[in-house]
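This is what each chain is made of:
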Amino acid sequence: MLLKELSALASPLNDQQIGQLQQAAAELSPQQLAWISGYFWGLSQTQVAGQAQPSQAPALAASAQPAGKLTIIYASQTGNAKGVAEQLKEEADAKGIKADIFAAGDYKGKNLAKETHVIIVASTHGEGEAPDDAIELHEFLQSKKAPKLPNLQYAVVGLGDSSYEFFCQTAKDFDAFLSKQGATAFHPRLDCDVDYESAATAWRAEALDKVEEALKSEQGAADVVQLPLGQASPTVSAYSKKNPYPAALLASQKITGRQSGKDVRHVEIDLEGSGLTYQPGDALGVWYDNDPALVEAILAKTGLAADQQVDVDGESISLCDALIKHYEITLSNPQLVIKYAELSGSKKLAKLVEDKDKLREYAGNTQIIDVLGEKKAALSAEQLLGLLRRLTPRLYSIASSQEEVGEEVHLTVGLVEYHKGEETRQGGASGYLAQRLEEGDSVRVFVEPNNHFKLPEDDNTPVIMVGPGTGIAPFRAFVQERDNRDAEGKNWLFFGDRTFTEDFLYQVEWQKYLKSGVVDRIDVAFSRDQAEKVYVQHRLLEHAAEVWQWLQDGAHIYVCGDATRMAKDVHDALVTIIEQQGKQSREQAEQYLSELRKSKRYQKDVY
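Here the structure is a predicted model, which is why all the values come from computation and not from measurement. (Residues numbered from 1 in each chain as written. Predicted model: local features only at pLDDT ≥ 70, side-chain atom pairs only at ≥ 80, totals over all residues. Heavy atoms only, no water.)

**Here's the deal with the overall build of the chain**
For step 1, the next point in the chain: Per the secondary structure count, the chain includes 23 helices and 21 strands.
For step 2, the next point in the chain: Burial analysis of the chain (607 residues in total) assigns 50% to the buried set.
For step 3, the next point in the chain: In the chain, of all internal contacts separated by at least 6 residues, the share reaching a separation of at least 24 is 76%.
For step 4, the next point in the chain: By element, 49% of the accessible surface of the chain is carried by carbon and sulfur atoms, the whole surface being about 29600 Å². (Helix = DSSP H or I, 4+ residues; strand = E, 2+ residues; numbered from the N terminus. Buried < 20%, exposed > 50% of the residue type's maximum accessible area, 1.4 Å probe, protein only. Contact = heavy atoms within 4.5 Å. Areas by Shrake-Rupley, 256 points an atom, 1.4 Å probe, with all protein chains shown as cover.)

Now the structure itself:
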């Protein structure tokens, strides 16, 4: 309830007291307000019981604060860690455990010394990096300013992908940092793979049981009704990752030329009546069905019957339906290769398992059906499903602004397709969107907000966008948004692909924006249009003086696309520009770029 509403109710306070309370509250942070609510409640209970006089109030300030509570901190890049943290908060509330929840970027590291129980849920970004929002907390805990934490009990959940070398590295870092400062883990760290739901659910239940037991004696009368921490959330749609919206496919149009070596689609999806809203920089989650032909081929390789009944989440369904709707059957991963090497006795796979680098490379470039083809093995249905991860939705950067397209959402989807001998291999989600869905068909979607890839709040701020290939998607949304907002800030786009004639995605639109002045500059790099390959990082270096001047003028720089090579090369190019144009050492240039990232002026959406 807002203080200004008190006077409209039958309040025990007079106008002067309400005024004093309003003035005091205006100077307090949300966390201070939450604490003071507990203090006042404790004070009222003590006075009612006749155990204290008003003159003793100062002494009560310390004792009225609850002795222990749970604080949940999430370090999230795409929203998964945030989702796990929010579920943890809901489950804590249901058990009567007092719990606060914070994004890592909103939490002050020094406050850890005041906590009794903390759970950190952390995803890992890029090559073992902390998510953007968690950089400061991550660095603080490594610094000399980090407090000693002998009274802190903590636990950590990591979300990651075991296909990557630095699996759950951020979670491992937080675990090590807290332990080094003297904190004690009350529950073992959980490192979750991409199909994390069931493991995370079980871990949360176990961790909360331990927290409940530890705090039980300290809860009781100390429980208070907390004031909201921050502004009220806007009305949200009923649709989410767990309850996706069955949207209609409006269009799937190829936007690369006939002679292009790539099939890139402009996809339009109807959101009318869903209540789903999004901002430029957000992603659209797409739940997809696997290709029935691929399911048939896998069943043929394993000698299993399509109609055999299996248990999935307590429901008996056919093996065929389980493979189409519930399991990942395209992307391989190192764990699958290791397991199948044991089941099949394949010497080739066993040799790969001995070399982690070669294993990771093989798994990243070989689909599951081809792993199964290395050596035939008779599998039971349970063994086959035991090899597979659960199906997870694919996240696509949204390529439209709702200011421009209304109740639609647009995507830029590159079809993953290659030949294996005489057979064609396709990506699960991209093949579904590009080829298996027909216009009017239903596709299950949800919006995944990305608060770490957002336009500047000030429309006068200049923006540099680096988006080769399908990395162009969010920048189409950015420019549509800035056009509709009549933003005065300058816009500079760096785009790259293979050839100008076949692969210039949305070329007509960009030319229109350039002509109208919405986009001030476009620099392109088409790698195969000349003998020597040229990429976006080369264009950045060619215009180093101008890039540096834009940064000096307060520009925000955004990078979207391939994380493995492009993002690293662009990062190195930016460091070189800062080093040379700013006359700084390499270390100083790296620090300069790190500061840009912390201040949200350097943002990446890479995959």
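**Overview of the sheet that holds strand β16 (residues 442-448)**
Consider a sheet: its strands pair through backbone hydrogen bonds, and that pairing is either parallel or antiparallel.
For step 1, the next point in the chain: One open sheet holds the six strands; their spatial order is β12-β9-β16-β7-β8-β13, and the pairing between them is antiparallel. Both outer strands of the open sheet, β12 (394-397) and β13 (408-414), are each paired with one neighbouring strand and no more. Each adjacent strand pair in this sheet contributes to an overall mean axis angle of 40°, direction not counted.
For step 2, the next point in the chain: In terms of strand pairing, strand β7 (residues 245-254) meets strand β8 (residues 264-270) through six bridges, oriented antiparallel. Residue pairing in the sheet places Leu249 in a bridge with Ile269 of β8. (Pairing = 2+ DSSP bridges. Axes fitted to C-alpha atoms, helices over the stretch in contact; angles between N-to-C directions.)

**Some points on the sheet that holds strand β17 (residues 463-466)**
For step 1, the next point in the chain: Taking strand neighbours across the sheet as the criterion, the five strands line up as β19-β18-β17-β20-β21 in an open arrangement whose pairing is parallel. Edge positions in the open sheet fall to β19 (521-526) and β21 (602-606), since each of these has one partner strand only. Adjacent strand axes in the sheet meet at a mean angle of 10° when their direction is disregarded.
For step 2, the next point in the chain: Note: β17 against strand β20 (residues 556-561), four bridges, orientation parallel.

**A word on the UniProt feature "binding site: NADP(+)" (unreviewed entry) in the chain**
For step 1, the next point in the chain: Cross-referencing UniProt, the feature "binding site: NADP(+)" (unreviewed entry) maps to Ser527, Arg528, Lys533, Val534, Tyr535, Val536, Gln537 and Asp569 in the present numbering.
For step 2, the next point in the chain: By secondary structure assignment, the location of Ser527 is in the loop between β19 and α20 (536-542).
For step 3, the next point in the chain: Excluding anything up to four places from it in sequence, Ser527 contacts Asp497, Arg498, Glu532, Lys533, Val534 and Tyr535.
For step 4, the next point in the chain: A relative accessible area of 10% places Gln537 in the buried class.
For step 5, the next point in the chain: Once you skip the residues sitting within four places of it in the chain, Gln537 turns out to touch Asp569, Val570 and Ala573. (UniProt positions renumbered as here; feature names shortened; annotations may be inferred.)

**Focus on the side chain of Asp282**
For step 1, the next point in the chain: Residue placement: Asp282 occurs in the loop between β8 and β9 (283-287).
For step 2, the next point in the chain: Of note is the side chain of Asp282, whose polar atom sits 2.5 Å from the side chain of Lys454.
For step 3, the next point in the chain: Residues within four places of Asp282 in sequence aside, it is in contact with Tyr396, Ser397, Ile398, Val447, Glu448, Pro449, Asn450 and Lys454. (Polar contact = N/O pair within 3.5 Å; in protein donor to acceptor, adjacent residues only side chain to side chain.)

**Topic: the packing of helix α10 (residues 334-344) against helix α12 (residues 356-365)**
How two helices pack is summed up by the angle between their axes together with the distance between the axes.
For step 1, the next point in the chain: Following both chains from N to C, one finds α10 and α12 inclined at 105°, their axes separated by 8 Å at the closest point. Considering their axes alone, α10 and α12 lie roughly perpendicular with respect to each other. Between α10, through Pro334, Val337 and Ile338, and α12, the contact on the second element is made entirely by Leu359, Tyr362 and Ala363.
For step 2, the next point in the chain: A class-by-class count of the residues in the contact of α10 with α12 yields six nonpolar, no polar and no charged. (Parallel < 35°, antiparallel > 145°, perpendicular 65-115°, else oblique. Nonpolar A, V, L, I, M, F, W, Y, C, P; charged D, E, K, R; others polar.)

**Digging into the pattern of salt bridges**
Opposite charge on two side chains permits pairing when their charged atoms draw close.
For step 1, the next point in the chain: Counted according to the given criterion, the structure contains 35 salt bridges.
For step 2, the next point in the chain: A cluster of three or more residues bridged by salt bridges with shared partners is formed by Glu129, Asp132, Arg597 and Lys604. (Salt bridge = Lys/Arg side-chain N within 4 Å of Asp/Glu carboxyl O.)

**Some points on the packing of aromatic side chains**
For step 1, the next point in the chain: The final tally for this structure, using the stated rule, is 18 aromatic pairs.
For step 2, the next point in the chain: A network of ring pairs unites the aromatic residues Phe453, Phe475, Phe478 and Tyr558 as a single cluster.
For step 3, the next point in the chain: Sitting above the plane of the Tyr506 ring, Arg476 keeps its charged end 4.7 Å from the centroid.
For step 4, the next point in the chain: In this structure, Lys512 is placed above the aromatic ring of Tyr513, and the distance from its NZ or CZ to the ring centre is 4.7 Å. (Phe/Tyr/Trp six-rings, centres within 6.5 Å; stacked < 30°, edge-to-face > 60°. Lys NZ or Arg CZ within 6 Å of the ring centre and 35° of its normal.)

**Let's talk about α10**
Three or four residues apart is the spacing at which side chains of an α-helix point the same way, because the helix has 3.6 residues per turn.
For step 1, the next point in the chain: Residues Pro334, Leu336, Val337, Tyr340, Ala341 and Ser344 constitute the buried set of α10. The arc enclosing the buried residues of α10, seen along the axis, measures out at 155°, which places them on a common side.
For step 2, the next point in the chain: Elements in contact with the buried residues of α10: α11 (347-353), α12, α13 (368-372) and α14 (381-387).
For step 3, the next point in the chain: Its side-chain oxygen 3.1 Å from the backbone nitrogen of Gln335, Asn333 forms the N-cap of α10.
For step 4, the next point in the chain: Within two residues after α10, Gly345 carries a phi angle of roughly 75°, on the positive side. (Arc of directions from axis to C-beta.)

**Overview of the pairing of strand β18 (residues 491-497)**
For step 1, the next point in the chain: Most of β18 sits inside the fold, with seven of its seven residues counted as buried.
For step 2, the next point in the chain: Residues Asn491, Leu493, Phe495 and Asp497 line one face of β18 and the alternating positions Trp492, Phe494 and Gly496 line the opposite face, and both faces are buried.
For step 3, the next point in the chain: Inspection of the sheet shows β17 paired to β18 by four bridges, in the parallel sense. Directly across from Val463, in β18, lies its bridge partner Asn491.
For step 4, the next point in the chain: Each parallel crossover has a hand, and the one from β17 via helix α17 (residues 473-484) to β18 is right-handed. (Right-handed = clockwise from strand over helix to strand, strands pointing away.)

**Section: the state of the cysteines**
For step 1, the next point in the chain: The full count for this structure, using the stated rule, is zero disulfides.
For step 2, the next point in the chain: Unpaired in terms of disulfides, Cys168 finds its nearest cysteine sulfur in Cys192, a separation of 6.7 Å.
For step 3, the next point in the chain: Overall, the relative accessible area of 1% leaves Cys168 in the buried class. (Disulfide = S-S within 2.5 Å.)

**Concerning the nonpolar core**
For step 1, the next point in the chain: Counting residues in hydrophobic clusters, the biggest one holds 34 residues, and the most contacted among them are Val310, Leu319, Leu323, Tyr340, Leu349 and Leu388.
For step 2, the next point in the chain: Counting residues per element, the ones that place at least two in this core are α8 (292-302), β10 (309-312), α9 (319-325), α10, α11, α12, α13 and α14.
For step 3, the next point in the chain: Every residue in contact with Leu349, bar those within four places of it in the chain, is listed here: Val337, Tyr340, Ala341, Ser344, Tyr362, Val371 and Glu374.
For step 4, the next point in the chain: Among the nonpolar cores identified, the runner-up in size contains 26 residues, and Ile72, Ala200, Trp203 and Ala207 belong to it. (Core = buried A, V, L, I, M, F, W, Y, C linked by side-chain atoms within 4.5 Å.)

**Comments concerning the confidence of the model for the chain**
For step 1, the next point in the chain: Considering every residue of the chain, the mean pLDDT works out to 88; 86% of them sit at 70 or more.
For step 2, the next point in the chain: Counting interchain partners and residues more than four positions distant, the pLDDT-below-50 stretch residues 45-66 has 18 contacts.
For step 3, the next point in the chain: Low pLDDT, under 50, characterises residues 220-235; the predicted model gives this stretch 23 contacts beyond four residues in sequence or across chains. (pLDDT = per-residue confidence, 0-100.)

**So, helix α23 (residues 586-598)**
For step 1, the next point in the chain: Spanning 13 residues, α23 covers 18 Å between terminal C-alpha atoms, matching the ideal 18 Å at 1.5 Å per step.
For step 2, the next point in the chain: Restricting attention to buried positions, one finds in α23 the residues Ala589, Tyr592, Leu593, Ser594, Leu596, Arg597 and Lys598.
For step 3, the next point in the chain: Looking at the buried residues of α23, the elements they touch are α5 (135-140), α21 (544-552), α22 (566-581) and β21.
For step 4, the next point in the chain: Backbone geometry just downstream of α23 places Lys600 in the positive-phi region, at approximately 70°. (Expected span 1.5 Å × (residues − 1).)

**Remarks on the packing of helix α4 (residues 80-94) against helix α7 (residues 197-215)**
For step 1, the next point in the chain: It is the contact of α4 with α7, at a shortest axis distance of 11 Å, that shows an interaxial angle of 40°. In this view, α4 runs oblique relative to α7, as classed from their interaxial angle. Here α4 and α7 pass one another in a crossing that is right-handed. Contact residues: α4 offers Val84, Gln87, Leu88, Glu91 and Ala92, while α7 offers Glu197, Arg204 and Leu208.
For step 2, the next point in the chain: A class-by-class count of the residues in the contact of α4 with α7 yields four nonpolar, one polar and three charged. (Left-handed = near helix turned anticlockwise from the far one by under 90°.)

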